[in-house]
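Each chain, written out:
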Amino acid sequence: MQPRDFLKDLFSAAVKAADPLTGITAYLPAKPKGRTVVIGAGKGAAQMAQALEGVWDGPLEGVVVTRYGYGCVTQDIEILEASHPVPDSAGLVASKRLMDAVSGLGEDDFVIALICGGGSALLPSPPEGLTLEDEIAMNEILLASGAPISAMNVVRKHLSTIKGGRLAAATKARVVSMVVSDIPGDNPAYVASGPTVPDRSTRHDALDIIAQYKMPLPQAALDFLATPAADAPSPDDAVFARHEHHVIASAGVSLEAAAALARSHGVEAAILSDSIEGESRDVASVHAAIAREVLAKDRPFRKPVVILSGGETTVTLRGKGGKGGRNGEFALAMALAIQGHEMHVLAADTDGIDGSEDNAGAFADGKTVERLRAAGLDPRRLLDGNDSYSGFAAIGDLFETGPTGTNVNDFRAILIR
């Protein structure tokens, strides 16, 4: 098998292991006396709704929101689409629709919440004194800050009327949340900024994060965070007493599936971690150092081996006009660090979209730099300008899958033969 085909198969195994149907079936709750209403948000929310309809024995109704182009056919659950990663007015409408869907329910009714990565941008709902334009500006600032996703979502949930458990707090019905985790550590309260799962973070934590990462948020946002109204509900609030949440898919399970497939092909697999965070280029530097050590000295792993890792890295924007996401940036930084070495790399987002472009990620190997220069491109300049997409597009090394229907974050594989 060619190296890229092998890496593609590992990615496919990882995505298949995160199929929401498996997890939904495992945690399927009992039917209630009253109505069953489904709500949801995220890049895989439509596929989660479709899976639920396939196994639920009884009447269903509800509404979920996903990214433009990520919808699918459902029978009773309405699918809305909105913008990701930057919110838009369609997301504002979707937030209201989800709130309306649960606010009139009683204690005998039941809410199933389908939550996965991407829900933060898809559910804009600015508090009084802030506008959608403020939320859009805040989101762009957060994405450019270099802060880890968990930190960004602490800020988001204290500048919202739907995140931080507020959606679940708006109903008297029992809520069961089924969460596909794209968060290192798999804390469900951080996935999509926890619209149905509260946590103990406070507005003071949000202010500390803003200061730490020097985020130039709009003054209206800072003014709101200075008031008690910014604090999200506490997990100890009585309104959450009957609620449950379950992480039904995660990066750890996906990496184990990829590792098992590699071993079935006679290639040992080493999982570094399923929760790696940090600057993409810095994470690439560490991965490259390990890979070069394996290639030269058979330590800490013996060849042949595929080194796997997951989590969510970040990109601090250093210029304007560059295109590409964190996985493209990782792959480009790897290419520079393994130039001339015999190894093959795939870095991709398991939801099928890396950042705001149309690719899942990119391939790299010991000759990527040579191919870029032959195409008249300077790989170092591309990296400095956060423009990995343009480089990999020029040499045909983008990895394109389309929407996968799930999202357990980054998938990285380095094959050393």
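These figures come from a predicted structure and were not determined experimentally.

**A closer look at the packing of aromatic side chains**
So, point 1. Evaluation of the coordinates by the stated rule reveals four aromatic pairs.
So, point 2. Judged by centre distance (5.8 Å) and plane angle (80°), the rings of F11 and F411 are edge-to-face. Placement of the pair is F11 in helix α1 (residues 3-17) and F411 in strand β12 (residues 410-416), with a sequence separation of 400 residues. Comparing F11 with F411 shows no difference in burial state: the two are buried.
So, point 3. Three or more aromatic residues link up through ring pairs in this structure, and these residues are F11, F363, F399 and F411.
So, point 4. Between R412 and the ring centre of F330, over which it is positioned, the NZ or CZ distance is 5.6 Å.

**Digging into the UniProt feature "domain: MOFRL-associated" (unreviewed entry) in the protein**
So, point 1. According to UniProt, the feature "domain: MOFRL-associated" (unreviewed entry) maps to residues 7-225 in the numbering used here.
So, point 2. Counting secondary structure, residues 7-225 comes out at 42% helix and 15% strand; the distance between its end C-alpha atoms is 45 Å.

**Observations concerning the domain arrangement of the protein**
So, point 1. Taken domain by domain, the protein comprises domain 1 (3-11 + 252-416) and domain 2 (19-250).
So, point 2. Its C-alpha centre places domain 1 at a distance of 29 Å from the equivalent point of domain 2.
So, point 3. With 25 residues of domain 1 in contact, the opposing surface of domain 2 contributes 26 residues.
So, point 4. Contact with domain 2 buries area across many residues of domain 1, yet E277, G405 and N407 alone supply 26% of it, more than any other trio.
So, point 5. Scanning the region where domain 1 abuts domain 2 turns up one salt bridge.
So, point 6. The salt bridge involving K43 is made with D351; its shortest N-O contact spans 2.4 Å.
So, point 7. Elements with a minimum of two residues in the side of domain 1 that touches domain 2: α11 (251-264) and β7 (268-276).
So, point 8. Among the elements that take part in the side of domain 1 that touches domain 2, α11 stands out by supplying three residues, more than any other.
So, point 9. Per-class residue counts for the side of domain 1 that touches domain 2 are seven nonpolar, 13 polar and five charged.

Thresholds, definitions, all that
- Residues numbered from 1 in each chain as written.
- Predicted model: local features only at pLDDT ≥ 70, side-chain atom pairs only at ≥ 80, totals over all residues.
- Heavy atoms only, no water.
- Phe/Tyr/Trp six-rings, centres within 6.5 Å; stacked < 30°, edge-to-face > 60°.
- Helix = DSSP H or I, 4+ residues; strand = E, 2+ residues; numbered from the N terminus.
- Buried < 20%, exposed > 50% of the residue type's maximum accessible area, 1.4 Å probe, protein only.
- Lys NZ or Arg CZ within 6 Å of the ring centre and 35° of its normal.
- UniProt positions renumbered as here; feature names shortened; annotations may be inferred.
- Domains from an automatic or database assignment.
- Contact = heavy atoms within 4.5 Å.
- Buried area = accessible area lost by both parts, 1.4 Å probe.
- Salt bridge = Lys/Arg side-chain N within 4 Å of Asp/Glu carboxyl O.
- Nonpolar A, V, L, I, M, F, W, Y, C, P; charged D, E, K, R; others polar.

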